[in-house]
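Listed here are the chains, written in short residue letters.
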Amino acid sequence: MVGTKRSNWCDRKGRNVYSVWMVLLFLMFVCLLQLLPVHSSFSAGYNADLRVGISIIGDHLELSFGDEYCLFDVVSGEFLPLNAGRYKILPVKSRIEICDLRGENRASVEGPLFLQPVELPFADSSFQLHNALYGLEYRGALEIIPEGKGLLAVNVLDLESYLLSVLPAEMPAFWGNDGGMEALKAQAIAARTFAHFNREARRHSGYHLCDQEHCQVYKGKGAENPCTDRAVRETSGKVLTYGGRIIEAFYHASNGGFTELSQNVWQKSSPYLASVPDPYDDPDNPLGLPGFMRCSPWKVTLSRQILSARLAEKGYNIGEVERIDIVSSFASGRVEEIALQGKSGKTLFLTKEDARVALGLESQLYSISGSTWGAQLCAVSAKSGAEKKENFSDLEGKWVVNGHNNQMKSVLHGSKFFVHGDKEKGSIPRTSSASLVFEGRGRGHGIGMSQYGAYNRSRAGHTCREILSFYYPGAEIVVR
Ligand SMILES: [Zn+2]
């Protein structure tokens, strides 16, 4: 959190944490000037307690607002005498300067600065941020905080208003008119649950959620759509819990036909996740569903040079990659570990999500072909047991593979090694392909709800409760 508690306009339970005098000051100000109506419910009745970090292009803000807003200097506790209009807000030596469009300085404050609607309902007011990365028009309030040499823009609004924008950014709104309304409702509950969870989780400093894929994509009021509005409204307040606690409701585009456990992608396990086949998201459509929405399998070809550069970019310097193998996989088929052998003689082992990210692939559910890239491969398959290295001196630094399925077991280094398998020493055919081909299914991590799967389930007549109980087994839907 940047700044002190005073800059934290509302705490995470929705209570106004500015002291009572701040609200009284505001009311007195309004009464004295007799310019704006006084609403006795100003300090109560709304729940604008969600803080969303807005991604900005550049180091300043271009902000415009109407008469329904006023600017408030949080440190001095004073309202700025600035009328509705368009302003450029700049960071200048740890202060915030507000200029008009002619470049004239109209105010300078220590910050934070708060753009605050003066009337209820709070969330119905909107302002414009002209240099926001994703959106333009935003509901609720805006806190502007000096941060380093730039400014942090935090949209403060209630969670239900936030979801109106998140839903169409995360799932196609038109699905609601195409048999997918229950999927949209399931998505609304998952997104609401995710927001609740992360409001408490402190993923970010100064705000609860960012507006990018890292949290949930949020594009402001302009992204809203009647279909997704309906899904938010009809599931109002509903979240998923397990053992009475809000779950971390991960979701993704497509699981490729098999859901996944979170520990098989990251580290942490969760009791409300399972790894089971999902015929409603299997690109082969095993149930023969009419009008099945298929997430197409993907195929990526990488040359040795591109792969080597990609790894180096991520800090893995093993020289030119000469060989890559899948060491092990999970029951779902998702890759657990890969091994890459570089020209430098170094071998790099990468696991789960780290491997997928390093290779730049769509999902962890993939196979590799053309993996030998030339003359580096030797296979050993002899009677199990310890063997002396000198018996296999030509194999130093090479791979030991199982003669039956070519699954790699280890790399030969040192004075002794173990040989797996029960056949004679031999080798598997060399290839000389210039490129590696990665073929896979699904998009995303495969944990929790699949959006393609939810859509196909909705079209097949499943309710949003049924959809969620498949993707988060054991979780309950409750109103918070
Ligand atoms: Zn984030």
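Figured I'd write up the structure that's included with this text. (Residues numbered from 1 in each chain as written. Predicted model: local features only at pLDDT ≥ 70, side-chain atom pairs only at ≥ 80, totals over all residues. Heavy atoms only, no water.)

## Describing the environment of serine 126
One can find serine 126 in strand 9 (residues 126-129). In this structure, the C-alpha to C-alpha distance between serine 126 and glycine 140, residues 14 residues apart in sequence, is 6.0 Å. If sequence neighbours within four positions are ignored, serine 126 has contacts with Glu68, Tyr69, Glu137, Tyr138, Arg139 and Lys221. A polar contact is formed between the side chain of serine 126 and the side chain of glutamate 137, at a distance of 2.6 Å. (Helix = DSSP H or I, 4+ residues; strand = E, 2+ residues; numbered from the N terminus. Contact = heavy atoms within 4.5 Å. Polar contact = N/O pair within 3.5 Å; in protein donor to acceptor, adjacent residues only side chain to side chain.)

## Focus: the nonpolar core
In globular proteins that are soluble, nonpolar side chains generally tend to be buried together. Counting 86 residues, the largest nonpolar core has Tyr162, Met449 and Tyr472 as the members making the most contacts within it. Residue contributions to this core peak at 10 residues, all from helix 3 (residues 181-201). Summarising the domain contributions, this core has at least three residues from each of domain 1 (5-157) and domain 2 (164-291 + 443-479). In contact with tyrosine 472, other than residues within four places in its own chain, are Ala190, Leu240, Ile247, Ala249, Phe250, Tyr251, Tyr272, Leu273, Gly448 and Met449. One finds Leu302, Ile324, Leu340 and Leu361 within the second-largest nonpolar core, a separate group that totals 20 residues. (Core = buried A, V, L, I, M, F, W, Y, C linked by side-chain atoms within 4.5 Å. Buried < 20%, exposed > 50% of the residue type's maximum accessible area, 1.4 Å probe, protein only. Domains from an automatic or database assignment.)

## Some words on the coordination of the zinc ion
For a metal with four tetrahedral donors the ideal donor-metal-donor angle is 109.5 degrees, whereas six octahedral donors ideally subtend 90 or 180 degrees. Within the protein, His204 (NE2), Cys210 (SG), His214 (ND1) and Cys215 (SG) serve as the donor atoms for the zinc ion, at 2.0 to 2.3 Å. The coordination sphere of the zinc ion comprises 4 donor atoms, whose angles at the metal cover 102 to 119°; the geometry is tetrahedral. (Donors = N, O, S within 2.8 Å, 3.2 Å for Na, K, Ca; no water. Tetrahedral: all angles 85-135°; square planar, octahedral: opposite > 155°, others 65-115°.)

## Here's the deal with empty space enclosed by the protein
Here the structure, examined in full by the defined rule, presents 2 cavities of 30 Å³ or more. What the second largest cavity holds in volume is close to 30 Å³. Looking at the second largest cavity, the residues that line it are Thr259, Glu260, Ala274, Gly448, Phe470, Tyr471 and Pro473. Each residue belonging to the lining of the second largest cavity can be placed in one class, and the counts come to 4 nonpolar, 2 polar and 1 charged. (1 Å grid on protein atoms, 1.4 Å probe; cavity = no way out; pocket = protein on both sides within 12 Å on 5 of 7 lines; lining within 4 Å. Points joined across faces, edges and corners; volume = space filled by probe spheres on them. Nonpolar A, V, L, I, M, F, W, Y, C, P; charged D, E, K, R; others polar.)

## Digging into the layout of surface pockets
One number sums up the size of the largest pocket: a volume of about 620 Å³. Around the largest pocket, the lining is made up of 21 residues, and of these Glu213, Tyr251, His252, Gly444 and His445 lie nearest the centre. Counting only elements with at least two residues in the lining of the largest pocket, the list comes to helix 2 (159-170), strand 16 (251-252) and helix 6 (352-359). Class assignment of the residues belonging to the lining of the largest pocket gives a composition of 8 nonpolar, 6 polar and 7 charged.

## Overview of the packing of aromatic side chains
We describe a pair of aromatic rings using the distance from one ring centre to the other and the angle between the two ring planes. One pass over the full model with this rule turns up 14 aromatic pairs. Note on tyrosine 69 and phenylalanine 127: the rings are 5.9 Å apart at their centroids and 90° apart in plane angle, and the pair reads as edge-to-face. On the criterion of sequence distance, the pair formed by tyrosine 69 in strand 3 (residues 69-73) and phenylalanine 127 in strand 9 is long-range, its members being 58 residues apart. Under the relative-accessibility criterion, phenylalanine 127 is labelled buried at 1%. The interplanar angle of 20° and the centroid separation of 4.1 Å between the aromatic rings of tryptophan 175 and tyrosine 455 together place this pair among those described as stacked. (Phe/Tyr/Trp six-rings, centres within 6.5 Å; stacked < 30°, edge-to-face > 60°.)

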